[in-house]
Amino acid sequence: MRPALAAIAILFVSALPAQAETCHEKFVRLMVGGNGDTPVKIHVIQNSKGAEPSKNDFFQQTTGHWMTVMIEPADQPWVLTYKNTMFTSADEGKSWTKIRTLDSEQNDENARKDRQENAKTVRDAACGEEALDGVAHDTVEADFNTLQNYKTENHYKYWVNRETGWISKATYQTKGEGFEGTSTQLIESAPDLALPTPE
């Protein structure tokens, strides 16, 4: 009897729906993992209190191979990292000047650890839904604190494509001692992205 009862219990449990992800858990997952390591293009609009707004396009092909193209102000140099080296270009990518070396893998790992630590402070998560360009998106937002050297209070919001799970848009509100700003990011998958490879 006991084996039969156990088998029935297992079938009953396996038939139950998986426990739904809470709004808090969803925010933490997005905050820590984002869209993963897939190539992306991100249009960034930055507004800092007391400063002129800025716009740029950010491209990342792989960890440590990314480029920032300034749109406003347009006279700012482009920045590129490749093979643990940072370069700048004053002629829109026609030539590159080496600035310094860095450890991209370690920097990426440190940033991930910081996000995991900061995620422990997440609070007041809220979920909803909105349309972006007529496409249904789930929204998730919450407050949290940055615990590292420059401590800030933050409110992040993500728009997640309901069909694909892709973060299409994010807004970041940050406030710290002597600083207050908002960043809006419009995020596109860029599987065919090919960035410059200066030597």
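Please refer to the structure higher up on the page.
We now turn to the structure provided with this report. (Residues numbered from 1 in each chain as written. Predicted model: local features only at pLDDT ≥ 70, side-chain atom pairs only at ≥ 80, totals over all residues. Heavy atoms only, no water.)

**Let's talk about the overall build of the protein chain**
Okay, step 1: In terms of regular secondary structure, the protein chain is built from 3 helices and 11 strands.
Okay, step 2: Starting at the N terminus and walking to the C terminus, you meet the elements of the protein chain as α-α-β-β-β-β-β-β-α-β-β-β-β-β.
Okay, step 3: Over its C-alpha atoms the protein chain spans a radius of gyration of 21 Å, topping by over 25% the 16 Å that the globule rule assigns to 199 residues.
Okay, step 4: Principal-axis analysis of the C-alpha atoms places the extent of the protein chain at approximately 80 × 40 × 40 Å.
Okay, step 5: Put simply, the protein chain has 199 residues, and 34% of those count as buried.
Okay, step 6: Summarising the internal contacts of the protein chain: among those between residues at least 6 apart in sequence, 38% fall at separations of at least 24. (Helix = DSSP H or I, 4+ residues; strand = E, 2+ residues; numbered from the N terminus. Rg over C-alpha atoms; globule rule 2.2 N^0.38 Å. Buried < 20%, exposed > 50% of the residue type's maximum accessible area, 1.4 Å probe, protein only. Contact = heavy atoms within 4.5 Å.)

**Here we look at the sheet that holds strand β1 (residues 40-48)**
Okay, step 1: Here we have 11 strands laid out as an open sheet, ordered β6-β5-β4-β3-β2-β1-β11-β10-β9-β8-β7, and antiparallel in their pairing. Every other strand in the sheet has two partners, leaving β6 (97-101) and β7 (123-132) as the edge strands with one partner each. Recorded for the sheet is a direction-independent mean angle of 20° between the axes of neighbouring strands.
Okay, step 2: Sitting on the sheet, helix α2 (residues 23-33) is in contact with β7, β8 (135-146), β9 (152-161) and β10 (167-176), with an inclination near 80° to β8. (Pairing = 2+ DSSP bridges. Axes fitted to C-alpha atoms, helices over the stretch in contact; angles between N-to-C directions.)

**Quick look at the pattern of salt bridges**
Okay, step 1: Summed over all chains, the structure comprises 8 salt bridges.
Okay, step 2: A salt bridge links Asp138 to Lys26; the nearest nitrogen and oxygen atoms lie 3.9 Å apart. Of this pair, Asp138 sits in strand β8 while Lys26 sits in helix α2, and the two are 112 residues apart along the sequence.
Okay, step 3: Under the relative-accessibility criterion, Lys26 is labelled buried at 16%. (Salt bridge = Lys/Arg side-chain N within 4 Å of Asp/Glu carboxyl O.)

**Some details on the environment of Ala51**
Okay, step 1: Looking at the secondary structure, you find Ala51 in the loop between β1 and β2 (54-62).
Okay, step 2: Classification of Ala51 as partly exposed rests on a relative accessible area of 46%.
Okay, step 3: Between the alpha carbons of Ala51 and Glu92 there is a distance of 24 Å; along the sequence they are 41 residues apart.

**Some remarks on the state of the cysteines**
Okay, step 1: Summed over the entire model, instances satisfying the criterion amount to 1 disulfide.
Okay, step 2: Between the sulfur atoms of Cys23 and its disulfide partner Cys127 the distance amounts to 2.2 Å. Taking the sign of the S-S torsion, 105° for the link of Cys23 and Cys127, the bridge is right-handed. Here the residue Cys23 occupies a position in helix α2, and Cys127 occupies one in strand β7, the gap between them amounting to 104 residues. (Disulfide = S-S within 2.5 Å.)

**A closer look at the environment of Lys41**
Okay, step 1: With respect to the helices, strands and loops of the structure, Lys41 is situated in strand β1.
Okay, step 2: Considering only alpha carbons, one finds Lys41 and Pro191, 150 residues apart in sequence, at a separation of 9.6 Å.
Okay, step 3: Excluding residues within four positions of it along the chain, Lys41 makes contact with Asp57, Phe58, Phe59, Leu186, Ile187, Glu188 and Ala190.

**Section: the packing of aromatic side chains**
Okay, step 1: Under the definition given, this model contains 7 aromatic pairs.
Okay, step 2: Both rings, one in Phe27 and one in Phe144, keep their centres 6.4 Å apart while their planes meet at 50°; by these two values the pair is tilted. Of the two residues, Phe27 is situated in helix α2 and Phe144 in strand β8; the sequence distance between them amounts to 117 residues. The pair Phe27 / Phe144 is uniform in exposure class, with both members buried.
Okay, step 3: Centre to centre, the rings of Phe27 and Tyr158 are 5.6 Å apart; their planes meet at 55°, and the pair counts as tilted. One end of the pair, Phe27, is in helix α2; the other, Tyr158, is in strand β9, and 131 residues separate them in sequence.
Okay, step 4: Judged by relative accessible area, which is 0%, Phe27 ranks as buried.
Okay, step 5: Tyr158 gets classed as buried once you look at its relative accessible area, which sits at 4%. (Phe/Tyr/Trp six-rings, centres within 6.5 Å; stacked < 30°, edge-to-face > 60°.)

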